[in-house]
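# Descriptive analysis of the structure
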There are 2 protein chains.
Amino acid sequence: MRLHRPHLSPAGIKQEELRRHNLSLLLRYVHLAGPTQRATLTARTGLNRSTIGALAADLANIAELVREEAPGVRSGAGRPSLVVVPETEHYQALAFDLGVDRIVGARVGLGGTMLSRKVVPLPPGDRNFESVVALTVTAARQLADEFGPRARCVGVGVAVPAVVRGTDGFVRFAPNLGWEQQPLGETLGAALVEALPGCSFDRAAVLVANDADLGALAEHTRGVARGHDDVVYLSGNVGVGAGVICGGRPLRGHGGYAGEAGHMIVNPAGQRCRCGARGCWETEVGIDAVLRAAGHEPGDGTTPRMVVADAQAGDQRARHALYEISRWLAVGVGNLVNLFNPELVIFGGELRELLEAVECDVVNMMGAGGLTMSREHVELVPSALGGDSPLFGAAELAFAPLLDDPLGVAATLPATGG
Amino acid sequence: MRLHRPHLSPAGIKQEELRRHNLSLLLRYVHLAGPTQRATLTARTGLNRSTIGALAADLANIAELVREEAPGVRSGAGRPSLVVVPETEHYQALAFDLGVDRIVGARVGLGGTMLSRKVVPLPPGDRNFESVVALTVTAARQLADEFGPRARCVGVGVAVPAVVRGTDGFVRFAPNLGWEQQPLGETLGAALVEALPGCSFDRAAVLVANDADLGALAEHTRGVARGHDDVVYLSGNVGVGAGVICGGRPLRGHGGYAGEAGHMIVNPAGQRCRCGARGCWETEVGIDAVLRAAGHEPGDGTTPRMVVADAQAGDQRARHALYEISRWLAVGVGNLVNLFNPELVIFGGELRELLEAVECDVVNMMGAGGLTMSREHVELVPSALGGDSPLFGAAELAFAPLLDDPLGVAATLPATGG
DNA sequence: ATGCTAAGTTGTGCCGCAAAACATATTTAT
DNA sequence: ATAAATATGTTTTGCGGCACAACTTAGCAT
């Protein structure tokens, strides 16, 4: 049981933090695993029965974060254990996934249940910053109207296909949205605090992050990567991004920009990328590359899924296109595997559909040359949460502060009264 | 002050672990920062004076890990603060760096002081596994003879230019040594326990790791990367390896194989690598590549340093060679920067000398194309510990268990009596 | 109905840290 | 030289958190 190792910065632990840690542990457990018997919690945490009882009582009575119920199904001898249930309705987060052609918003309860979901299509030409912010705020208002009377809004998480500064959600570069240097975190924060007066969170509770990073977070939390501590999530849309979990924690990097796998140079003899360099991975495996290889024009309405269907139907050109894509996928994924040595590489976004068609080829090509030790245990899998990975990740992002300090944060959140 | 966030595995903290954590914190502080006033410790940890006093007393009296001294130089008003000093002589580690042409061994005291150092050249033809193990054991015995009467040996750390399994130090692949599938951790562990009966550590205290990973650890601990939590260390010798620190912790990956940057494919049109793939980074920037580009034959005695000297002396061929190398360095380093977003990229091994000659070119080439946000704050620097980075890292590796649980581990280590 | 089992509940004790009061050592002011 | 100011070490006391043990409760099996 290792605690985080600090450098030379202060990190003395006091008893207060011990309590906070254990409360956090308990709440996070039921948030992740759902309703759980007290006996199970006792066994898993290693804490004493009486301690678990006291912690659960605090979470239930002081903040109504959980409730304790008699177990429904009886099993085995002995006194049945009370079940600790996360109060899904009491604590909710708003989550948004800002896509190239639509905004998806959701209301997610403690425990990770999606309570409602809303899709706002973006008019094709109109994805400028102000419009997207405005549409997001509108969607947020609609979602917030559905809060129950006892709901508290813990915050807002936003996934955006962009290079995002970790500290404040400033968007440095979002080629697919056509944005550069936009203060998304600050702007949305201010606008949402204004638009949702019933919610008592402050501007800092509006958290913006890269969509691939949040996809990774979601898959690690509730998707295929549960229990796996070293994972790479690939988000393939127009661009390609990676979210990385290493040692159980998201890889952020110094500025929060880590995981820009799409601009890893794999083919210096290749095409010029939007970023200015030549032979970036995403010019070889991005949607446009798939379509172009199959003889389509990007923007003509074709999707990678259709190319896959064509290939399965026997279309030689589509099959050859997929083979070419596989080669470059193998190179890039191989590089990522050599660098991160993950247990899983998760294919999210449009890459999900691609995977089933090309998995065999990619695996063979990766195995053919190069170091094999990292590759021998790695699995390529499609994302389990489908296209909603970043959305769920955004919700987790919003819940994170509450999970880190349950009673402390809960105390700052009076019921919305809505 | 965040503690490590566990997944669903047990991680309840009890008071005992609180104490352990704070003891660990204190010992690690003086190990890293050297002799430190109690007042400073109080301020940095945020703990109370009385608590620091008690912790320091435990470390001093129970295990003699530190001693408290009256301060030498007086400064400022008020009662002078006692200075907590790591007991360099009482706790020592053995560290080894197994190179291609020599073994370097050292005796390192708590606090990181190198107390003695020994170089054993390898006969050119003879670097087979058994010979290297035997020479290492011999060197260890010689170093152990110099332990003082009050010394306790905390363990042995070994750096090896190989892909090493994290759990047990099994060497999967060490092309430069000509090894494959060798149980280095197990073999050395058994041999050293046998050879050093005075030392009471067990086989598990012999820890083997990749040299680049240990270089990164050392530079992070005592080198240029002190205080920087996101760092890439490049170890350039015959092969190229990377050690990565992210979020202040070493990147290990699932099997411990992370950081194989040398086999990142950057030039699919390039030469075939020893690993079987084509266009690996190390075929473009490894020592052999440098020499070949400059018109030398690998193994003819030329070193990269000589090529640099030639270039500085005006040799056109050498200058052109360095320019070519710079291009590929820029591609690879750019990829690493995009993926890890480090604050620093440290050039270790032979790359150290290369850096000063090519830094300008590499920085310009990196800035020319590609995403710039990750690159705008990154610095390319030579390793501060020179060729001894992996050696110091090996010592840190050996000290780690003691630093994680000072009193617990110290209790298992009676004095060597030697 | 009785006993068994597994779990929750309650009370006690230990341990860790903070806070306050006291003691000590050094600098600065008178 | 003496006293005040300052900063720190030391001791004592108190509070809070968890473990442990004893007790109670709830279901199951015979």
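Residues numbered from 1 in each chain as written. Chains lettered and ligands numbered in written order. Predicted model: local features only at pLDDT ≥ 70, side-chain atom pairs only at ≥ 80, totals over all residues. Heavy atoms only, no water.

## Quick notes on the pattern of salt bridges
Under the counting rule described, the total for this entry stands at 36 salt bridges over all chains. Glu396 of chain A is the partner of Arg222 of chain A in a salt bridge, and the nearest nitrogen-oxygen pair spans 2.6 Å. Linking Arg222 of chain A in helix H6 (residues 211-222) with Glu396 of chain A in helix H12 (residues 389-404), this pair joins segments that are 174 residues apart in sequence. Between Arg102 of chain B and Asp97 of chain B there is a salt bridge; the shortest N-O distance is 3.6 Å. Connected via shared salt-bridge partners are Arg67, Glu69 and Glu87 of chain A. (Salt bridge = Lys/Arg side-chain N within 4 Å of Asp/Glu carboxyl O. Helix = DSSP H or I, 4+ residues; strand = E, 2+ residues; numbered from the N terminus.)

## A few points about the side chain of Asp388 of chain A
All names here are of chain A. By the element assignment, Asp388 lies in the loop between strand S16 (379-382) and H12. By relative accessible area, Asp388 is classed as buried at 16%. Sequence-distant contacts of Asp388, defined by excluding residues within four places in its chain, comprise Met114 and Arg117. (Buried < 20%, exposed > 50% of the residue type's maximum accessible area, 1.4 Å probe, protein only. Contact = heavy atoms within 4.5 Å.)

## With respect to helix H4 (residues 129-145) of chain A
Residue and element names in this part refer to chain A. Helix length check: H4 (17 residues) gives 25 Å between terminal C-alpha atoms against 24 Å at 1.5 Å per residue, within 8%. Every buried residue belonging to H4 is among Phe129, Ser131, Val132, Val133, Thr136, Val137, Ala139, Ala140, Leu143 and Ala144, and all of these are buried. Those residues of H4 hidden inside the fold are in contact with strand S4 (91-98), strand S5 (102-109), strand S6 (114-121), strand S10 (179-182) and helix H5 (184-195). With a side-chain oxygen positioned 3.1 Å from the backbone nitrogen of Glu130, the residue opening H4 is Asn128. (Expected span 1.5 Å × (residues − 1). Polar contact = N/O pair within 3.5 Å; in protein donor to acceptor, adjacent residues only side chain to side chain.)

## Looking at the nonpolar core
One finds Trp281 of chain A together with Trp281 of chain B to be the most contacted residues of the largest nonpolar core, which totals 98 residues. Discounting residues that sit within four places of it in the chain, Trp281 of chain A has contacts with Leu234, Val240, Ala261, Gly262, Met264, Val266, Gly286, Trp328, Leu329, Gly332, Val333 and Leu336 of chain A. Core analysis: the second largest hydrophobic core is formed by 40 residues, Val66, Tyr91, Leu217 and Ala395 of chain A among them. (Core = buried A, V, L, I, M, F, W, Y, C linked by side-chain atoms within 4.5 Å.)

## Let's talk about the state of the cysteines
Each disulfide is one covalent bond, formed between the sulfur atoms of two cysteines. Scanning the entire structure with this criterion turns up zero disulfides over all chains. Summary of cysteine pairing: Cys246 of chain B is not part of a disulfide, and the nearest cysteine sulfur, belonging to Cys246 of chain A, is at 3.7 Å. The exposure class of Cys246 of chain B is buried, given its relative accessible area of 9%. You can see Cys273 of chain B has no disulfide; the closest cysteine sulfur is in Cys275 of chain B, sitting 3.7 Å from it. (Disulfide = S-S within 2.5 Å.)

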